[in-house]
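Coordinate analysis (summary)
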Amino acid sequence: MHKCLTVPFVLFCGFYSVLGASKANVRVSVRTPGQITVEAELSAPMRSWSFRNAYAGVLGIAERVEDFRAENVTVNKIAGGEFRADRDATRISYTVKLSEPGAANVSHVSWLVGDRGFLMFADLIPLDIRTIAPEFVLPPGWTIESSITRDTNGRYEVSEPEKAVFFIGRSLHKTTKSIEGMTVDSVLAGDWAFKDSDVLQAAAPVMKRYLTLTGFKLPQKSAIMIAPLPIPVGSIKWRAETRGSTVVLLIDPNAAFKNWRGQLGVIFTHELLHLWVPNSLQLQGDYDWFFEGFTLYTALRTALELKIISFKEFLDTLARVYDSYLSYSDNLSLIDASERRWTTPGSLVYDKGMLVAFLYDLLIRKESSGKTNLADRYRDLFGHHFTDAMDGNEAIISVLAWSPAVRDFAKSYIENSKTLELGQVLPAFGLSLDSSGKSSQLRVTDKIDADQKRLLRSLGYTH
């Protein structure tokens, strides 16, 4: 157990002048194992504070906030994460217990276990505070890393707290690399079967691919942060989330991966694409079917193109996803399923979204005689100058609607709730699906014509 600093309550001076109630200077102190103390001075008086209580399907996270106080006023807790004072206040303090992450939330919320942890301001500060300037008081020997750079005064300026991630702990290893003009840090904690340099070597070809895919260069520094899973792992090998410009990757150090660098590459094909989609898109609404389902398929295509997986593994993965899809009741459109992603069980948005992306890719390759494909739509998406307030579903469907047949396809499978029956539609593309056994088998048919062969070779088929 590490020994933490005990820091007296400190009130700050020299704060912002008249700037509105949504800005604050914040001090985060690691005082006792598994717990932090947050002290803040607000730019304008407030008398009510609300903390996020749900994220990514995880409920009750605001219950970790305790001992909420405001200077010289009485504060009452009226609900989980909801606090009200009898008079206005500008100085507040509270503690947050972070010692018990679970398998469902370990990559989605802040935690502090042993001598390391992740602090995500989305669940650490009241939602009423929109901009913060945090400083950190850590135990001796601890350091802190973030994709956000300190200013000349040594303070972080965080304009979007919901996207901010800070990695704290003892013996963090940092490596920096420029990939096609995009700065990327890798930060590791713990001992691993791979070298620190392997992380960015695995990330580089993926990021180059996605720069080419989108035609959009990430404007700010990105960070890949890797730590051991802080929970009893069981069958769980890794958990990840990409938030803002940070990829958080938690891995079981004892996972029996035959090729650790290859495994990192597979993970990065999905997680690094999120730096672009949706994190670099200024679109509104629930379009998870695209930024999760289509991302899964595009990541699979990227793994194939980078020779991380074989064409057989590509088909086998799609067959497994189809079996998973068949285990759920499909009575929602992808748009409706996206809106209910965190309130309904299962992974319909992921599975159906990925399979619809696969069919879309096949259809558009066939329609265009191989002149265009799904990958080209990403460059179109980033080339459009959508307004910040534009609905994501409308924007993406407009980009996907390359021809009348494709528009009808999108209407059937994305806007409406048409069920996927791959066994009926795949033969037209030279593929067959056998679902007669315990698991489905997706194969190239024995006899394919010249057009089908051309299409399949554009996918990566080499025979």
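All of these numbers come straight from a predicted model, not from anything done at the bench.

Quick look at the environment of Asp336 now. Counting through the fold element by element, Asp336 comes out in helix 5 (residues 334-339). Along the primary structure Asp336 and Lys411 are separated by 75 residues, whereas in three dimensions their C-alpha atoms are 13 Å apart.

Across the sheet, 4 strands lie side by side as 8-9-12-11; this open sheet has antiparallel pairing. Looking at which strands have only one partner, the edges of the open sheet turn out to be strand 8 (111-113) and strand 11 (142-145). Along the sheet, successive strands turn relative to each other by an average axial angle of 15°, direction set aside. In the sheet, strand 9 (residues 116-120) pairs with strand 12 (residues 165-170) via 5 bridges, with the strands oriented antiparallel. Looking across to strand 12, one finds that Met120 is bridged to Val165.

Read across the sheet, 5 strands follow the order 13-14-15-17-16 without closing on themselves; strand pairing throughout is mixed. The open sheet terminates on both sides in strands that have one partner only, identified here as strand 13 (173-179) and strand 16 (238-243). Strand-to-strand twist across the sheet, computed as the mean angle between neighbouring axes with direction ignored, equals 15°. Here 6 bridges tie strand 16 to strand 17 (residues 246-251), and the two strands are oriented antiparallel to one another. Opposite Ala240, over in strand 17, you have Leu249 as the bridge partner. Most of the contacts of helix 1 (residues 196-214) go to strand 14 (residues 182-188), to which it runs at about 145°, and overall it touches strand 13, strand 14 and strand 15 (222-228).

Before going further, it helps to spend a moment on the packing of helix 1 against helix 2 (residues 260-271). Running from N to C, helix 1 and helix 2 cross one another at 35°; their axes reach a closest spacing of 9 Å. Seen from above, helix 1 lies across helix 2 with right-handed handedness. Along the contact surface, helix 1 presents Asp198, Val199, Gln201, Ala202, Ala203, Val206 and Tyr210, while helix 2 presents Arg261, Leu264, Gly265, Phe268 and Thr269. A breakdown of the residues in the contact of helix 1 with helix 2 according to their chemical character gives 7 nonpolar, 3 polar and 2 charged.

What follows is about helix 9 (residues 404-415). If you check which residues of helix 9 are buried, you get Val406, Phe409, Ala410, Tyr413 and Ile414. The buried residues of helix 9 occupy an angular sector of 100° when projected down its axis, which confines them to one face. Among the exposed residues of helix 9, those pointing more than 90 degrees away from its buried face are Pro404 and Asp408. On its buried face, helix 9 is in contact with helix 3 (288-305), helix 5, helix 6 (348-367) and helix 8 (392-400).

Right, let's talk about the pairing of strand 9 for a bit. With respect to burial, strand 9 is a largely interior element, 5 of its 5 residues being buried. Both strand 8 and strand 9 contribute to a ladder of 3 bridges, which runs antiparallel. Bridged to Trp111 within strand 9 is Phe118. Linking two consecutive strands that pair antiparallel, namely strand 8 and strand 9, is a turn of 2 residues; a positive phi of about 65° is found at Gly114 within it.

Counting 98 residues, the largest nonpolar core has Ile224, Phe268, Trp276 and Trp289 as the members making the most contacts within it. In terms of residues, this core owes the most to one element, helix 6, which gives 12 residues. In this structure, Trp289 is in contact with Phe294, Leu334, Ile335, Ser338, Val349, Gly353, Asn393, Ile396, Ile397, Leu400 and Ile414, ignoring residues within four places of it in sequence. Ranked by size, the runner-up nonpolar core spans 40 residues in total, among them Leu42, Met46, Trp142 and Ile168.

Overall, the coordinates contain 27 salt bridges when judged by the stated rule. The residue Asp316 makes a salt bridge to Lys312 at a minimum N-O spacing of 2.8 Å. Taken as a pair, Asp316 and Lys312 lie in helix 4 (residues 311-326) at a separation of 4 residues, close to a single helical turn. By relative accessible area, which is 58% here, Lys312 ends up exposed.

This part is about helix 2. Here helix 2 contains 12 residues, and its C-alpha end-to-end distance of 16 Å stays within 8% of the 16 Å for a straight helix at 1.5 Å per residue. The buried fraction of helix 2 amounts to 10 of the 12 residues, a majority that puts the element mostly inside the structure. Residues of helix 2 that are buried in the fold lie against helix 1, strand 15, strand 16, strand 17 and helix 3. Measuring from the side-chain oxygen of the N-cap residue of helix 2 to the backbone nitrogen of Arg261 gives 3.3 Å; that N-cap residue is Asn259.

For the rest of this paragraph, the subject is the packing of aromatic side chains. Taken as a whole and judged by the stated rule, the model has 33 aromatic pairs. Relative to Phe83, the ring of Phe68 lies with its centre 4.5 Å away and its plane at 10°, an arrangement referred to as stacked. Here Phe83 lies in strand 7 (residues 82-97) and Phe68 lies in strand 5 (residues 65-70), a separation of 15 residues in the sequence. Taken as a pair, Phe68 and Phe83 share a single burial class, namely buried. Ring plane angle 50° and centroid distance 5.6 Å describe the contact between Phe311 and Tyr461, whose orientation is recorded as tilted.

Scoring rules and cut-offs
Residues numbered from 1 in each chain as written. Predicted model: local features only at pLDDT ≥ 70, side-chain atom pairs only at ≥ 80, totals over all residues. Heavy atoms only, no water. Helix = DSSP H or I, 4+ residues; strand = E, 2+ residues; numbered from the N terminus. Pairing = 2+ DSSP bridges. Axes fitted to C-alpha atoms, helices over the stretch in contact; angles between N-to-C directions. Contact = heavy atoms within 4.5 Å. Left-handed = near helix turned anticlockwise from the far one by under 90°. Nonpolar A, V, L, I, M, F, W, Y, C, P; charged D, E, K, R; others polar. Buried < 20%, exposed > 50% of the residue type's maximum accessible area, 1.4 Å probe, protein only. Arc of directions from axis to C-beta. Core = buried A, V, L, I, M, F, W, Y, C linked by side-chain atoms within 4.5 Å. Salt bridge = Lys/Arg side-chain N within 4 Å of Asp/Glu carboxyl O. Expected span 1.5 Å × (residues − 1). Polar contact = N/O pair within 3.5 Å; in protein donor to acceptor, adjacent residues only side chain to side chain. Phe/Tyr/Trp six-rings, centres within 6.5 Å; stacked < 30°, edge-to-face > 60°.

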